[in-house]
Amino acid sequence: AIGYPNAIWTHGGEFIVGDCLGYRLLSVDIATNEITVVTPIPKGVVDGLRVDEQGNYLLSHFEGQVYRISRTGETELLIDASADLGNTCDFEYVADRNLLVIPTLTGDRVAAYEFK
């Protein structure tokens, strides 16, 4: 049912899963194993996934982009680091500092982005 999962995050009794083959964000109920499509996502290889304090999904593509996706499916490009970093791997979101920390797979670099 999940073509190519490459990002997983637990949140409120569910696994949130990025499906790289179907280009969609999925929710898997931990108690029932029921899979629900949350929303389609931009094409790319999903690598990182978190949920912010408002319940929005933060999703990174290996190709260098980071998106914020609302619970209703509205997608906003937050960062396009493809020119600076080349790629973005699994990241960390530090909510109390509004900070996104992104390592790269190549280039031996880590970048930090602060949101206002």
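Refer to the preceding data block for the structure.
Please read these numbers as outputs of a predicted model, since none were measured by experiment.

Caption draft 1: Spatial organisation of the sheet that holds strand E2 (residues 14-19). What the four strands build is an open sheet, ordered E1-E2-E3-E4; its pairing is antiparallel. Of all the strands in the sheet, the pair left with one neighbour each is strand E1 (5-11) and strand E4 (35-40). On average, each strand axis in the sheet is tilted by 25 degrees relative to the strand beside it, whichever way the strands run. Looking at chain direction, E2 and strand E3 (residues 24-29) are connected through six bridges and run antiparallel. Directly across from Val17, in E3, lies its bridge partner Leu26.

Caption draft 2: Layout of the nonpolar core. Core analysis: the biggest nonpolar cluster contains 12 residues, these being Ala7, Ile16, Cys20, Leu25, Ile41, Val46, Leu49, Val51, Tyr57, Leu59, Tyr67 and Ile69. Of all the secondary-structure elements, those providing two or more residues to this core are strand E5 (46-51), strand E6 (57-61) and strand E7 (65-69). Among the elements that line this core, the one with the most residues is E5, at three residues. Grouped together as the second largest cluster of nonpolar side chains are 10 residues, Leu58, Ile79, Phe91 and Tyr93 included.

Procedures and definitions
Residues numbered from 1 in each chain as written. Predicted model: local features only at pLDDT ≥ 70, side-chain atom pairs only at ≥ 80, totals over all residues. Heavy atoms only, no water. Pairing = 2+ DSSP bridges. Helix = DSSP H or I, 4+ residues; strand = E, 2+ residues; numbered from the N terminus. Axes fitted to C-alpha atoms, helices over the stretch in contact; angles between N-to-C directions. Core = buried A, V, L, I, M, F, W, Y, C linked by side-chain atoms within 4.5 Å. Buried < 20%, exposed > 50% of the residue type's maximum accessible area, 1.4 Å probe, protein only.

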